[in-house]
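Structural characterization, general
Residues per chain, in single letters:
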Amino acid sequence: MPSANISASERTTLLYSLTSGSAPLRPDGRGARSPRPFTVSTGVLPQCAGSARLILPSPPRVEIVAAVRPSIVMEGETRLVLSATVPPPNSLSVGGGAVRDVRRARSDASSRLSRLLSDLLLSGVDDSCLSIGGRHAWRLSIDVSVLSTGGGNWASCADAASAAVWAALGSTSLPRTFSGGDGNAPEFVLDGRGTDSSVGPRLVDSLPLCATAATVRGADGRTAAVLDPSEDERAVACGIVVVAVSGDGMVSSVRTLAPEGGGGIGTAAWEEAVEIAVAGSQCFHLTLVKTLEKNLAEGCDNTEDGEGGNRGAFLEGSFLMR
């Protein structure tokens, strides 16, 4: 049932089930620290340098595709750029002259998700592996397309979108480069006949993952925190935090979102929510690493010298750059 239509009695029942026992009793049967199961596949867009599709199959279904497009810029320019596209809320109608409102809502949601992911994921990434020759660098444009939000808003897609970005960047391979000058001239050659698949794993070594936890408060004042909240759980939450965590468990950033249920939480409840989110991010990270290793191993013989994974030839031939 859409959380926008949750009734007062359903709200009371949900809060009681989440806060009354020794552990939250969630409607979908998950434990407090259990994320929704997901599947992720890489190399889904052969024309891109890297790509991934992430699906949360359990109803309501969430599907996100992330694609990496390379270009060459001068040294010192931004190397990692992210943009997201989110479908309009289901509650908006395109009839009765409301098309403009739908477009505005979609643009606003897309901008908010783009900013959130850029701030949480890209600010601390070590992108030194994207340098070329000293004067140039690769710029990777990361396009995140939310095909289905599962009935939620843009914020409910943050965790899944960050995982899709991680998988897409981790599977990225770029054309090999080598010197094309006499040692003094800043020239290099791009050889599109062979790719370097070491770039992706080096990028995601410092790329965090997002995990969201929601805190709810019962009528008796007791609180409980749950990982990867459903839409109904978000609707009754008094606090929501999104935490960016690196693969070694270090927290790089925390964002507190305005809860749909109103209210606020104390320091102890906030710390519990952050702790649960950190644990959840480690679960996401382990799953993604195993998936990436498996996919790269299956596609390791698709390019010259046994490297490059299952991406297509987005650049062919050799080019002298100055």
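Residues numbered from 1 in each chain as written. Predicted model: local features only at pLDDT ≥ 70, side-chain atom pairs only at ≥ 80, totals over all residues. Heavy atoms only, no water.

The subject of this paragraph is the overall build of the protein chain. Per the secondary structure count, the protein chain includes six helices and 13 strands. Residues classed as buried in the protein chain amount to 47% of the 322 residues present. Taking the contacts inside the protein chain whose residues are at least 6 apart along the sequence as the reference set, 71% of them involve residues at least 24 apart. Entry remark: accessible area of the protein chain is about 14,700 Å², with carbon and sulfur atoms responsible for 52%. (Helix = DSSP H or I, 4+ residues; strand = E, 2+ residues; numbered from the N terminus. Buried < 20%, exposed > 50% of the residue type's maximum accessible area, 1.4 Å probe, protein only. Contact = heavy atoms within 4.5 Å. Areas by Shrake-Rupley, 256 points an atom, 1.4 Å probe, with all protein chains shown as cover.)

In this model, the protein chain carries an average pLDDT of 82, and 80% of its residues clear a pLDDT of 70 or more. Highest mean pLDDT in the protein chain belongs to strand β4 (residues 80-85) (96); lowest belongs to strand β13 (residues 318-321) (38). In the predicted structure, residues 300-322 sits below a pLDDT of 50 and forms 67 contacts with residues beyond four places in sequence or in another chain. (pLDDT = per-residue confidence, 0-100.)

Looking now at the sheet that holds strand β9 (residues 209-217). Reading across from one edge, β10-β9-β11-β12 is the order of the four strands in this open sheet, with antiparallel pairing throughout. Sheet topology places β10 (223-227) and β12 (251-257) at the edges, where each strand pairs with a single neighbour. Strand-to-strand, the axes of this sheet are offset by a mean angle of 25 degrees, without reference to chain direction. Sheet analysis places strand β11 (residues 239-245) next to β12, joined by six bridges and oriented antiparallel. Directly across from V243, in β12, lies its bridge partner V254. Packing of helix α1 (residues 8-19) onto the sheet brings it into contact with β9 and β10, and relative to β9 it is tilted by some 105 degrees. (Pairing = 2+ DSSP bridges. Axes fitted to C-alpha atoms, helices over the stretch in contact; angles between N-to-C directions.)

The subject of this paragraph is the pairing of β10. Buried residues dominate β10, accounting for four of its five residues. As paired elements, β9 and β10 share five bridges and run antiparallel to each other. Across the sheet, R217 pairs through a bridge with T223, a residue of β10.

Overall, the coordinates contain 13 salt bridges when judged by the stated rule. The salt bridge involving R79 is made with E75; its shortest N-O contact spans 2.0 Å. The buried category is assigned to R79, whose relative accessible area is 10%. You can call E75 partly exposed: its relative accessible area is 33%. One salt-bridge network, in which partners are shared between bridges, spans D28, R30, R36 and D228. (Salt bridge = Lys/Arg side-chain N within 4 Å of Asp/Glu carboxyl O.)

Counting residues in each nonpolar core, the largest one holds 79 residues, and the members touching the most others are I64, L130 and L169. A per-element tally of this core places helix α3 (residues 158-170) first, with ten residues. (Core = buried A, V, L, I, M, F, W, Y, C linked by side-chain atoms within 4.5 Å.)

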